[in-house]
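Descriptive analysis of the structure
Each chain, letter by letter, is given below.
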Amino acid sequence: VSPRSLFFLSAIPGAVVVLIIVLFVRDRHPPVPRVRGEKRRVPAGLKRLLVPVSIFALGNSSDMLLLVVAYERFVAAGVAHPLALLPLLWALLHVVRSAGSAWGGRLSDRGSRVSVLAVGWLVYAGVYLVAAWLAFGGPAHLAWAVFALYGVHTALTEAPEKALVAELAGGEGGRGGAFGLVQFVSGVGVLPATVLAAWVWSAFGAGAAMVMEAGIAVVAAGVLVRVMRGAG
């Protein structure tokens, strides 16, 4: 199977999910009426959360950089068909992510959502430290550990972060805006994060860029625990 075919096949499950949402998912909750001219204030807790989220976003560069590191190591190690392995790495990430999502959600329900989210960010730091080892000449099979760990990171962060944002947003009427604000901050950070990582990569090498990403994630986790103490 060619790499192009593998990427095409990997897109089918996502397309099926989108189709199911469009055809079968309905919102049973009526929208909360809003007075014309009324301005919604961002809750204080949500403002505090945006600080570590914005820091983490600076270390959350494009996942393509991880794939490039894996590909370069596969080539350097003489692995057969290195390009064809990239979709398999991506598939591994999502298998681990799907398998662990419920587990991550249960952890945040039983304990502190802030703590689980912070651990998830530290796992992200671990992802990039292993990627740095790979980039510095580590064995090519470490690429599988990188993407498996990445799946653990997403399992530990997606549900807890959403639950925490919902709690901080307060009433149902403000949850959509709160989710949008957090996603906006996270999304806006991808471009400068990728530019920064690419600059460090070109100036000091891929390993240095990976170490930098890990360091930013550790700082973000520390700030998260500090500013959100007592919340979630």
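Here, every reference points to the structure presented above.
Below: a short report on this structure.

Scoring rules and cut-offs
Residues numbered from 1 in each chain as written. Predicted model: local features only at pLDDT ≥ 70, side-chain atom pairs only at ≥ 80, totals over all residues. Heavy atoms only, no water. Helix = DSSP H or I, 4+ residues; strand = E, 2+ residues; numbered from the N terminus. Buried < 20%, exposed > 50% of the residue type's maximum accessible area, 1.4 Å probe, protein only. Contact = heavy atoms within 4.5 Å. Areas by Shrake-Rupley, 256 points an atom, 1.4 Å probe, with all protein chains shown as cover. Core = buried A, V, L, I, M, F, W, Y, C linked by side-chain atoms within 4.5 Å. Expected span 1.5 Å × (residues − 1). Bend = angle between axes of the 7 residues up to and from the residue. Phe/Tyr/Trp six-rings, centres within 6.5 Å; stacked < 30°, edge-to-face > 60°. Patch = residues over 30% accessible without salt bridge, like charges linked within 9 Å, V, L, I, M, F, W, Y side chains within 5 Å. Salt bridge = Lys/Arg side-chain N within 4 Å of Asp/Glu carboxyl O.

1. Details of the overall build of the protein
The helix and strand inventory of the protein stands at 8 helices and 0 strands. Across the 232 residues that make up the protein, the buried fraction comes to 38%. Sequence separation of at least 24 residues holds for 79% of the intrachain contacts in the protein that already meet a minimum separation of 6. Accessible surface, the protein as shown: approximately 12900 Å² in total, 68% of it carbon and sulfur.

2. Considering the side chain of glutamate 161
On the secondary structure map, glutamate 161 appears in helix H6 (residues 142-169). Dropping the residues within four chain positions of it, glutamate 161 is found in contact with Leu117, Trp121, Val182 and Gln183.

3. Here's the deal with the nonpolar core
One recurring pattern in soluble globular proteins: nonpolar side chains tend to sit buried together. Counting 54 residues, the largest nonpolar core has Leu49, Leu66, Phe74, Trp121, Phe147, Met210 and Leu224 as its most contacted members. The dominant element in this core, judged by the number of residues it contributes, is helix H5 (residues 113-135), at 12 residues. Residues within four places of methionine 210 in sequence aside, it is in contact with Leu66, Val69, Tyr128, Ala131, Ala132 and Trp201.

4. A closer look at helix H4 (residues 82-110)
When the terminal C-alpha atoms of H4 are compared, their 42 Å separation across 29 residues agrees well with the 42 Å that a helix rising 1.5 Å per residue should span. The largest bend along H4 measures about 45 degrees and falls at glycine 100. Those residues of H4 that fall on the buried side of the exposure criterion are Pro82, Ala84, Leu85, Leu86, Pro87, Leu89, Leu93, Gly100, Gly104, Gly105 and Ser108.

5. Points about helix H2 (residues 44-58)
Between its terminal C-alpha atoms H2 stretches 22 Å, which fits the 21 Å expected from 15 residues at 1.5 Å a residue. Those residues of H2 that sit buried are Gly45, Leu46, Leu49, Leu50, Pro52, Val53, Phe56 and Ala57. For H2, the elements touching its buried residues are H5, H6, helix H7 (175-204) and helix H8 (206-227).

6. Points about the packing of aromatic side chains
Counted by the stated rule, this structure contains 5 aromatic pairs. Centre to centre, the rings of phenylalanine 56 and tyrosine 124 are 4.9 Å apart; their planes meet at 65 degrees, and the pair counts as edge-to-face. In this pair, phenylalanine 56 sits in helix H2 while tyrosine 124 sits in helix H5, placing the two residues 68 residues apart along the sequence. When sorted by exposure, phenylalanine 56 lands in the same class as tyrosine 124, which is buried. Aromatic side chains tyrosine 124 and tyrosine 128 sit 4.8 Å apart centroid to centroid with 40 degrees between the ring planes, which places their arrangement in the tilted category. Here tyrosine 124 pairs with tyrosine 128, and both are found in helix H5, just 4 residues apart, close to one helical turn. You'll find tyrosine 124 and tyrosine 128 in the same group, each marked buried.

7. Observations concerning a nonpolar patch on the surface
Among the surface-exposed residues, Val16, Leu19, Ile20, Leu23 and Phe24 lie close enough to one another that they form a single nonpolar patch of about 500 Å² accessible area. Secondary-structure assignment places isoleucine 20 in helix H1 (residues 3-24).

8. Regarding unusual backbone geometry
If you check the backbone angles, histidine 81 has positive phi at about 50 degrees while not being a glycine. A relative accessible area of 63% places histidine 81 in the exposed class.

9. Concerning the environment of alanine 220
Relative to the assigned elements, alanine 220 resides in helix H8. With 161 residues separating them along the chain, alanine 220 and glycine 59 place their C-alpha atoms 9.0 Å apart.

10. A short note on the pattern of salt bridges
Applying the stated criterion across every chain yields a total of 3 salt bridges. Here glutamate 158 and arginine 97 are joined by a salt bridge, their closest N and O atoms 2.6 Å apart. Here glutamate 158, found in helix H6, pairs with arginine 97, found in helix H4; they are 61 residues apart in sequence, far enough to count as distant. The exposure class of glutamate 158 is partly exposed, given its relative accessible area of 26%. Taking the shortest distance from any N to any O, the salt bridge between glutamate 167 and arginine 113 comes out at 2.7 Å. A residue pair is termed long-range when its members are at least 10 positions apart, and glutamate 167 in helix H6 and arginine 113 in helix H5 qualify at 54 residues. Judged by its relative accessible area of 43%, glutamate 167 falls in the partly exposed class. Residues joined in a network through salt bridges with shared partners are Asp109, Arg113 and Glu167.

Interpretation in functional terms is not warranted from these geometric data alone.
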